[in-house]
Amino acid sequence: MKKLIYIEASPRKDRSHSIKAAQEYLSDIKNKNPDIEIKTIDLWDYDLPEFNGEMLNAKYSVLRGESPSGKQVAAWAEVRALFDEFADADHYVFAIPMWNFNIPYKMKHYIDVISQPGMSWGYTEDDGYFGLMAGRTAKVFFASGDGYAEGSGFESLDFQKPYIQLWLNFIGFDKVDKVIAQRTLFEPEAPLIS
Ligand SMILES: Cc1cc2nc3c(=O)[nH]c(=O)nc-3n(C[C@H](O)[C@H](O)[C@H](O)COP(=O)(O)O)c2cc1C
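All figures in this text were calculated on a predicted structure; none of them were measured in a lab.

With that out of the way, let us pick up the nonpolar core. Core analysis: the largest hydrophobic core is formed by 32 residues, its most contacted members being A9, A22, F94, I96, F141 and F142. Sorting the residues of this core by element identifies β1 (3-8), α1 (17-32), β3 (91-97), α4 (105-114), β6 (137-143), α5 (161-170) and β7 (175-181) as the ones contributing at least two each. Residues within four places of A22 in sequence aside, it is in contact with Y6, V93, A95 and F141. With five residues, the next largest nonpolar core counts A58, A75, W76 and V79 among its residues.

The following block contains the structure:
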């Protein structure tokens, strides 16, 4: 593990359960790997461009096997720069709350910008879809106000953890570990589930 990117999707900062758990893990990693480079992407203090207009046209050009042209070129270069920043690590830590049974819109916005054909994933008629982010691992710290564990009766309402797992698998991560803080609205000290 040489370079780590930490992506923070909760705006609650020192009141956030996912951030608290992620920070403990990060300080443990720093102690064990003093030379590791850690970059933080705080999605609540991050200038993400709207994913619209020319960016979408550029994406659809690429999906058709064409090169972006005209105004699409600058739009696609902006996407490429954000993707390159994201891709520049071998281990990733995410702190992700559940909002309305899913992930906060800032996290979805980020995923929409960086999940691009020819960057994080590819497709061929022979091979179908394949991820391009092999060699990377992730540890994801999830938090939710209620509990969605197996046997709770609420499993099918959880679009947070299955979605992030699906996304990271789709773009080709080798390994995804989960740590779950659940029932944070009910328990003074929420238990962590790995
Ligand atoms: C806008 C919003 C929507 C939420 N929706 C849900 C929900 O659907 N299910 C749930 O269990 N908790 C929900 N919660 C509670 C959060 O998941 C809970 O407070 C969690 O601890 C947030 O993560 P954090 O502590 O890392 O910020 C919601 C909270 C907010 C602010």
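And the narrative resumes.
Moving on: the site of the ligand. Residues in contact with the ligand amount to 17 residues; listed here are only the nearest, S18, P97, A143, G145 and T184. With three residues, α1 is the single largest residue contributor to the shell around the ligand. For the shell around the ligand, the per-class residue count stands at seven nonpolar, eight polar and two charged.

As a further point, take the sheet that holds strand β2 (residues 37-42). If you trace the six strands from one edge of the open sheet to the other, you get β2-β1-β3-β6-β7-β8, paired in mixed fashion. The open sheet has two edge strands, β2 and β8 (192-193), and neither has a second partner. Strand direction decides the pairing type here: β6 and β7, joined by seven bridges, are parallel. Paired with K139 across the strands is D177, a residue of β7. Docked against the sheet, α1 engages β1, β2, β3, β6, β7 and β8, running at close to 160° with respect to β3.

What counts, and where the lines are drawn
- Think of each chain on its own: its residues are numbered from 1, step by step along the sequence as written.
- It should be noted that, the model being predicted, local features are given only for residues of pLDDT at least 70 and side-chain atom pairs only at 80 or more, the latter also being counted only at that level, while totals for whole chains, interfaces and linings use all residues.
- Put simply, a nonpolar core is buried Ala, Val, Leu, Ile, Met, Phe, Trp, Tyr and Cys residues tied into one set by C-beta atoms within 7 Å.
- Here the C-beta atoms are placed from the backbone, and a residue counts as buried if at least 20 other C-beta atoms lie within 10 Å of its own, exposed if 12 or fewer do, and partly exposed otherwise.
- Secondary structure is summarised from DSSP: a helix means a run of H or I of at least four residues, a strand means a run of E of at least two, and numbering begins at the N terminus for each.
- The contact rule is simple: place each C-beta atom from the backbone, and if two of them lie within 7 Å, those residues are in contact.
- Each residue gets a C-beta atom placed from its backbone. If that atom is within 6 Å of a molecule or strand, the residue is near it.
- Nonpolar residues are Ala, Val, Leu, Ile, Met, Phe, Trp, Tyr, Cys and Pro. Charged residues are Asp, Glu, Lys and Arg, and all others, Gly as well, are polar.
- At least two DSSP bridges between two strands are required for those strands to pair.
- Between the N-to-C directions of two axes lies an angle of 0 to 180 degrees, each axis being a line fitted to C-alpha atoms and, for a helix, fitted only over the stretch in contact.

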